[in-house]
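Results of the structural survey
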Amino acid sequence: MQVEELELTPGDSDTFEIRVDGITAFSFDSRLYNCGSTDAPVRFGDIDFRPSIDSQADSCPPYYVWDDCTRVTLHVPVQVAPDAETGTYEYGFTVMETIGDRNSRDYEYAIAVTGD
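Rules used throughout
- Each chain carries its own residue numbering, running from 1 in the direction its sequence is written.
- Two thresholds apply to this predicted model, a pLDDT of at least 70 for residue-level local features and 80 or more for giving and counting side-chain atom pairs, whereas whole-chain, interface and lining totals are computed over all residues.
- Excluding hydrogens and water, the side-chain values take into account all heavy atoms of the structure.
- Here a Phe, Tyr or Trp ring, Trp counted by its six-membered ring, pairs with any other such ring whose centre lies within 6.5 Å, and the pair is stacked when the planes are under 30 degrees apart, edge-to-face when over 60, and tilted otherwise.
- Elements are defined by DSSP. Helices are runs of H or I of four residues or more, strands are runs of E of two residues or more, and each kind is numbered from the N terminus.
- Think of it in three bands: with a 1.4 Å probe and only protein chains considered, a residue is buried below 20% of the maximum accessible area for its type, exposed above 50%, and partly exposed in between.
- As used in this record, nonpolar core signifies buried Ala, Val, Leu, Ile, Met, Phe, Trp, Tyr and Cys residues forming a set joined through side-chain atoms within 4.5 Å.
- Whether two residues are in contact is decided by their heavy atoms, any of which lying within 4.5 Å being enough.
- Between any two strands, pairing holds if DSSP finds at least two bridges.

**Re the packing of aromatic side chains**
In this description, a pair of aromatic rings is defined by centroid distance and the angle of the planes. As enumerated under the stated definition, the model contains 15 aromatic pairs in all. Note on F28 and F93: the rings are 6.0 Å apart at their centroids and 80° apart in plane angle, and the pair reads as edge-to-face. Of this pair, F28 sits in strand 3 (residues 13-28) while F93 sits in strand 8 (residues 87-99), and the two are 65 residues apart along the sequence. Of the two residues, F28 and F93, both sit in the buried class.

In structure tokens, the structure reads:
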């Protein structure tokens, strides 16, 4: 598992990568994922997967699924509102693998927003 750490200023946007070996499903928690009426000052955009997902569950945030256990790179765009306060904005995600038995693990990270 490799996760790029990101430091942005208010009004910035950037993309970071998450690389996972041995994955069959992935889901962000809803803290920074744009679900419903979330008004988080730091938000994720549409995620690009390499390789592409095979299916996804219609939930918010969705579960992204691959048919076979594989190595995946996620490109995650992040947008910071111009009026975002400085500090750390936590997010998490769940990685699942199915090789015989289904296993999952939760991860916690943060994006730092610093002054101009």
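**A closer look at the nonpolar core**
Core analysis: the largest hydrophobic core is formed by 32 residues, its most contacted members being F16, I18, F26 and F28. Looking at this core, the elements that each hand over two or more residues are strand 3, strand 4 (42-44), strand 7 (63-80), strand 8 and strand 9 (101-113). Considering each element in turn, this core owes the most residues, 7 residues, to strand 7. Those residues within four positions of F28 in sequence are excluded, and the remaining contacts are I18, Y33, F44, I47, P61, V76, Y91, G92 and F93.

**Some details on the pairing of strand 7**
For strand 3 and strand 7, the ladder comprises 11 bridges, and the chain directions are antiparallel. Following the sheet pairing, V20 is matched in strand 7 by V72. Pairing geometry for strand 4 and strand 7, over 3 bridges, is antiparallel. Each residue of the ladder has a partner; that of F44, found in strand 7, is V78. Summarising the sheet, strand 5 (residues 48-50) and strand 7 pair through 3 bridges and their orientation is antiparallel. Counted as the bridge partner of F49 is L74 from strand 7. Pairing analysis gives 3 bridges linking strand 6 (residues 55-57) to strand 7, with the strands arranged antiparallel.

**Points about unusual backbone geometry**
Of note, the amide linkage connecting R50 to P51 takes the cis form, showing an omega dihedral of -5°. Within the secondary structure, P51 sits in the loop between strand 5 and strand 6. Put simply, C60 and P61 share a cis peptide bond, and its omega is -5°. With respect to the helices, strands and loops of the structure, P61 is situated in the loop between strand 6 and strand 7.

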